[in-house]
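Structural overview for review
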Amino acid sequence: MFKKETYIARREQLRKDVKNGLIIIQGNSESSCNYKDNTYFFRQDSTFLYFFGLQREDMYGVLDCETGEDWIFAKDYDIEDIIWTGALPSVAELASTVGVTKSGSLADLQSIVNKAVAQGRKIHYLPPYRTDNLVKMGNLLGIKTDRVNRYASLELIKACVKQRSIKSDEEIAEIERAIATAYNMHVGAMKMAMPGRYEYELAGFMEGTALMGGGPVSFPVIMTINGQTLHNHNHNHELKVGRMLVMDAGCETPMHYCSDITRTVPVGGKFDERQKTIYEIVLAANLEAIRVTRPGITYQEVHTAASRILAQGYKDLGILKGNLDDIVANGAHSLMMPHGLGHMMGLDVHDMENYGEINVGYDDETERSKQFGLGSLRCGRRLQPGFVITDEPGCYFIPELIDKWHREGTNAQFIDFDVLEKYKDFGGIRIEDDILVTNDGCRVLGKPIPKTVKEIEDTMRG
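The following paragraphs examine the structure supplied in this document. What you see is a predicted model; the values in this text were computed from it and never measured.

Some words on the overall build of the protein
On a plain count of helices and strands, the protein comes out with 16 helices and 15 strands. Dimensions of the protein along its principal axes, counting C-alpha atoms only, are 70 × 45 × 40 Å. The 462 residues of the protein split such that 56% are buried. In the protein, the proportion of contacts linking residues at least 24 apart, taken out of those at least 6 apart, comes to 72%. Summed over all atoms, the accessible surface of the protein reaches about 19,700 Å², with 51% contributed by carbon and sulfur.

Concerning the nonpolar core
Residues Leu14, Leu245 and Phe397 are the most contacted members of the largest nonpolar core, which totals 130 residues. Broken down by element, the residue count for this core peaks at 11 residues, all from helix H8 (residues 169-192). In contact with Leu245, not counting residues within four places along its chain, are Ala193, Leu202, Met223, Thr224, Ile225, Leu239, Arg263, Thr264, Val265 and Val267. Core analysis: the second largest hydrophobic core is formed by 17 residues, Ile24, Trp71, Tyr125 and Ala152 among them.

A short note on the packing of aromatic side chains
By the definition in use, this model includes 10 aromatic pairs. Seen in terms of ring centroids, Tyr50 and Phe51 are 4.9 Å apart; in terms of plane orientation they differ by 80°. Their pairing is edge-to-face. For Tyr50, a relative accessible area of 4% gives the class buried. Exposure remark for Phe51: the relative accessible area of 0% places this residue in the buried category. Among the aromatic side chains, those forming a connected cluster through ring pairs are Phe2, Tyr7 and Tyr257. Its end group placed over the ring of Tyr50, Arg10 keeps NZ or CZ at 3.8 Å from the ring centre. Lying over the aromatic face of Tyr77, Arg56 brings its terminal NZ or CZ to 4.3 Å of the ring centre.

Re the side chain of Thr366
Among the secondary structure elements, Thr366 is positioned in the loop between helix H13 (357-361) and strand S11 (388-391). Discounting chain neighbours no more than four positions away, the residues touching Thr366 are Thr298, Gln300, Gly380, Arg381 and Arg382.

Some thoughts on the packing of H8 against helix H9 (residues 199-212)
Axes are the key here: two packed helices are described by the angle between their axes and the distance separating the axes. Between H8 and H9, whose axes approach to 9 Å, the crossing angle comes to 155°. One way to sum up the angle between H8 and H9 is to call them roughly antiparallel. H9 is crossed by H8, and the crossing has right-handed handedness. On H9, the residues that touch Thr181, Asn184, Met185, His186, Gly188, Ala189 and Met192 of H8 are Glu201, Leu202, Phe205, Met206, Thr209 and Ala210. Its residues placed into classes, the contact of H8 with H9 shows seven nonpolar, five polar and one charged.

Some thoughts on helix H1 (residues 4-18)
In this model H1 runs 21 Å from its N-terminal to its C-terminal C-alpha over 15 residues, within 8% of the 21 Å that 1.5 Å per residue would give. Of all the residues in H1, the buried ones are Thr6, Tyr7, Arg10, Arg11, Leu14, Arg15, Asp17 and Val18. Positive backbone phi, approximately 85°, marks Lys19, located one or two places after H1.

Things to note about a nonpolar patch on the surface
Together, Ile79, Ile82, Ile83 and Trp84 line one region of the surface with nonpolar side chains, adding up to about 500 Å² of accessible area. With respect to the secondary-structure elements, Trp84 resides in helix H3 (residues 79-85). Judged by relative accessible area, which is 75%, Trp84 ranks as exposed.

Section: the pairing of S11
Within a regular beta strand, the side chains point alternately toward one face of the sheet and then the other, so they alternate between its two faces. The two faces of S11 match: Val388 and Thr390 on one face and Ile389 and Asp391 on the other face are all buried. Strand direction decides the pairing type here: S11 and strand S14 (residues 433-437), joined by four bridges, are antiparallel. Along S14, the bridge assignment pairs Asp391 with Asp433.

Let's talk about the sheet that holds strand S15 (residues 442-444)
What the three strands build is an open sheet, ordered S11-S14-S15; its pairing is antiparallel. Here the strands that pair on one side only, and so sit at the sheet edges, are S11 and S15. Put simply, the sheet's adjacent strands are angled 35° from each other on average, direction ignored. Two strands pair when backbone bridges link them, and S14 and S15 are joined in this way by three bridges, in the antiparallel orientation.

Focus on the sheet that holds strand S4 (residues 60-64)
Strand order in the open sheet formed by five strands is S6-S5-S4-S1-S7, and the pairing between neighbours is mixed. What marks the edges here is a single partner per strand, and that holds for strand S6 (102-104) and strand S7 (123-125). Averaged over all neighbouring strand pairs, the angle between strand axes comes to 25°, with direction disregarded. When strand S1 (residues 22-26) meets S7, the two strands line up parallel, connected through three bridges. Looking across to S7, one finds that Leu22 is bridged to Ile123. Across the sheet, helix H5 (residues 106-118) is in contact with S1, S4, strand S5 (70-73), S6 and S7; its angle to S5 comes to roughly 135°.

Digging into the packing of helix H10 (residues 273-292) against helix H11 (residues 299-316)
For the pair H10 and H11, interaxial distance at closest approach is 8 Å and the crossing angle is 155°. In terms of orientation, H10 lies roughly antiparallel with respect to H11. Note that H10 runs across H11; the crossing there is right-handed. Residues Ile281, Val282, Ala284, Ala285, Glu288, Ala289 and Val292 of H10 pack against Val302, Ala305, Ala306, Ile309, Leu310, Gly313 and Tyr314 of H11.

Re the side chain of Gln163
Mapped onto the elements of the fold, Gln163 is located in helix H7 (residues 154-165). The exposure class assigned to Gln163 is buried, which follows from its relative accessible area of 12%.

A few points about the pattern of salt bridges
Here the structure, examined in full by the defined rule, presents 34 salt bridges. Between Asp81 and Lys75 there is a salt bridge, and its shortest N-O distance comes to 3.2 Å. Given the relative accessible area of 24%, Asp81 is considered partly exposed. We note a salt bridge from Arg164 to Asp351, for which the minimum N-O separation is 3.2 Å. One end of the pair, Arg164, is in helix H7; the other, Asp351, is in the loop between helix H12 (324-329) and H13, with 187 residues separating them in the sequence.

Parameters at a glance
- Residues numbered from 1 in each chain as written.
- Predicted model: local features only at pLDDT ≥ 70, side-chain atom pairs only at ≥ 80, totals over all residues.
- Heavy atoms only, no water.
- Helix = DSSP H or I, 4+ residues; strand = E, 2+ residues; numbered from the N terminus.
- Buried < 20%, exposed > 50% of the residue type's maximum accessible area, 1.4 Å probe, protein only.
- Contact = heavy atoms within 4.5 Å.
- Areas by Shrake-Rupley, 256 points an atom, 1.4 Å probe, with all protein chains shown as cover.
- Core = buried A, V, L, I, M, F, W, Y, C linked by side-chain atoms within 4.5 Å.
- Phe/Tyr/Trp six-rings, centres within 6.5 Å; stacked < 30°, edge-to-face > 60°.
- Lys NZ or Arg CZ within 6 Å of the ring centre and 35° of its normal.
- Axes fitted to C-alpha atoms, helices over the stretch in contact; angles between N-to-C directions.
- Parallel < 35°, antiparallel > 145°, perpendicular 65-115°, else oblique.
- Left-handed = near helix turned anticlockwise from the far one by under 90°.
- Nonpolar A, V, L, I, M, F, W, Y, C, P; charged D, E, K, R; others polar.
- Expected span 1.5 Å × (residues − 1).
- Patch = residues over 30% accessible without salt bridge, like charges linked within 9 Å, V, L, I, M, F, W, Y side chains within 5 Å.
- Salt bridge = Lys/Arg side-chain N within 4 Å of Asp/Glu carboxyl O.
- Pairing = 2+ DSSP bridges.

In structure tokens form, the structure reads like this:
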């Protein structure tokens, strides 16, 4: 955990921003895998971690905006638990470590909520994203389960987004710690990416390396020679020369801050000319995004700047044709990149998206585009110093999508489908870094992970 003063200051700011009422922050519970006592790895809710820092299951945090009081509510462990877990701190002892002086049982929480409701006070809570929490919140508030998210507090959502969007120095240090482990994950997997191996061997190496770094992977590893499938979790293919291998993986620190890195390498360690040409187009887009990212620009504008690089590269190859401005304005290049450039990152690999992606990535000033590709951009808002965001352009030759556009004549004036036909066996490429918006620009976080053609070939040869 951070020092308790960090959590006290965060809660004080939250109260100021929400202004009135009772704020309930719900922690997560254990979740069974294939039978009750065999549970998945426990992951605390990120909002609870941000404001209370405690990683115990079945906890609630309460902030009273009028009195300034903070509470932690949970069941104390009894002897039946201690037999299996060993001696553990009481709820009161845990609460004191994060500057909370009041604690109680879940029955006490129900009494406080009932009193607040009787007094007509506003109850603020976030929309639960897990079914068990949805049911529990409904029971706590006396609301039907299907109406719980309808009454979630927009004021609380906006206040949380306001705070969590700006990463402190101590948070950035945690993210860079996660990237340090991701460096070992990716460099080690690059060296393993030789013909005859299987994707699952490399994916398993990455998961093990994440655990050796003190935390699990931050999302299921994407490790595939079929990179045209954007989030391909099938790891059963044998690696063969001529295929590009997309490796999208990150990890969490023990405090659950994340990394999210993608590298794409040629199986066997040597790019052929076609692979190198497409790879360097994507790399140029990645570097252009880094060049233009700065406070005051929207990430929609950064996405468009990277898209222009991609479109020009495809035009040089004869895949696209016509005026560059018209190509980008009509989204013809999005046939090869149907996703957005990046997303916010922090305690969540897609930071805060449980609040609703539109509430995190967009605001009253910045509207989501309806254009194919650009409309999938998860964060388009104006950038501020302290934002941590991913920069992940890609190129994907998706046969089914190419055939659909060809059949329907989508953007036919800008696409040479005869040339494009030659790339339908290519697969895909994605290159992703985690970047911090600074006062006058941005910087790529963490130890540089090989990404130029020469760096990758040298690493794989080594």
